[in-house]
Amino acid sequence: MIVQRDVALRGDKLCLSYHGSTVVEDGCIALRPGRVTALVGPNGSGKSTLLRALARLHRADRGSVSLDDTTSAAALSPREFARRVTLLAQSRPTPAGVKVRDVVGYGRHPHRGRWRGGDPDGPAAIIRAMDVTGVASMAERAVDELSGGELQRVWLASCLAQDTGVLLLDEPTNHLDLRYQVELLDLVRDLAEEHRVAVGVVLHDLNQAAGVADHVVLLCNGRVLADGTPEEVLTEERLSLAYGIRIEVTHDPRTGTVHTRPVGRHSARVHVSI
Ligand SMILES: Nc1ncnc2c1ncn2[C@@H]1O[C@H](COP(=O)(O)OP(=O)(O)OP(=O)(O)O)[C@@H](O)[C@H]1O
């Protein structure tokens, strides 16, 4: 009998701080196989810090991170953890003179033996990751010669090559043009629906969050203000409270999803998607 775990990665009552100053209080989040969970909220509300704590890149003052509700993340070696969880961080140093193919290959590191051998699935995983992110044609180019959007896709390919059951993405649509934003969000849904990947994604665009996510976690001032389906969480009252401006919420009759519209003084002319 195959046992299907309900929660792939759980952060429980996480208290997170910088230099003694708490920025996330009692953060609870559960990422499920086959589901996309979007983390939304204003600047500085703690989204990236919470995601980094889930990826073991930020040590929690209190609380725990566990895999499959059975294994404490802290009990795994870095290599074991990296075979199960990957993070596309918001910013990372660009290695000078390194080819795209090699940067994507970095993602295979946890699967390799000590002397870079023993990864029979590696070459196919690298090719697949480059194909789905549209970077195969630039495989031999140096990454420090790419545009911001091209580079973003290379790092995403590196994460996908890692081939983990949990994928954490911090503002992955940054730098991407409209086509690649749409393709990335489609890819995220495919990974969840077809490969049962548990995805946690930080997004600023609430309409993108409503479109791609099964579950939304709304953070405000370091606390989880609401947690549930997009319809449950993205309400006018909650969003206006979190963002401090009026935000209209309607339902898109074509897609059936929530549609948000921030209302500013010049909203008749200027449209902002948050
Ligand atoms: N390295 C750091 N040192 C000190 N404080 C930090 C550091 N990184 C973040 N912070 C603070 O922690 C709080 C949460 O930041 P975090 O980046 O998690 O928020 P966020 O919701 O992801 O914001 P944004 O939407 O602007 O990316 C903010 O008040 C921020 O100023």
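In case you missed it, the structure is sitting above this.
So, how was this worked out
- Residues numbered from 1 in each chain as written.
- Predicted model: local features only at pLDDT ≥ 70, side-chain atom pairs only at ≥ 80, totals over all residues.
- Helix = DSSP H or I, 4+ residues; strand = E, 2+ residues; numbered from the N terminus.
- Buried ≥ 20, exposed ≤ 12 C-beta atoms within 10 Å, placed from the backbone.
- Contact = placed C-beta atoms within 7 Å.
- Pairing = 2+ DSSP bridges.
- Axes fitted to C-alpha atoms, helices over the stretch in contact; angles between N-to-C directions.

(A) Up close: the environment of S66. Residue position: S66 is located in strand β4 (residues 62–67). Exposure remark for S66: the 18 C-beta atoms within 10 Å place this residue in the partly exposed category. Sequence separation between S66 and R10 is 56 residues; the distance between their C-alpha atoms is 5.3 Å. Apart from the residues within four sequence positions on either side, S66 is in contact with R10, T71, S72 and A73.

(B) Up close: the sheet that holds strand β9 (residues 215–220). Read from one edge of the open sheet, 6 strands run β6-β7-β8-β3-β9-β10, paired in mixed fashion. Edge strands, defined here as strands with exactly one partner in the open sheet, are β6 (85–88) and β10 (223–228). Ignoring which end each strand starts from, the neighbouring axes of this sheet average 15° apart. Alignment of β9 against β10, held across 5 bridges, turns out to be antiparallel. Along β10, the bridge assignment pairs V216 with G228.

(C) Broad picture of the pairing of strand β1 (residues 9–18). Summarising the sheet, β1 and strand β2 (residues 21–31) pair through 7 bridges and their orientation is antiparallel. Counted as the bridge partner of S17 is T22 from β2. Hairpin connection between β1 and β2: a loop of 2 residues separates the two successive antiparallel strands, and H19 in this loop has a positive phi of roughly 50°. Here β1 pairs with β4 via 5 bridges, running antiparallel. The partner of G11 across the bridge, within β4, is V65.

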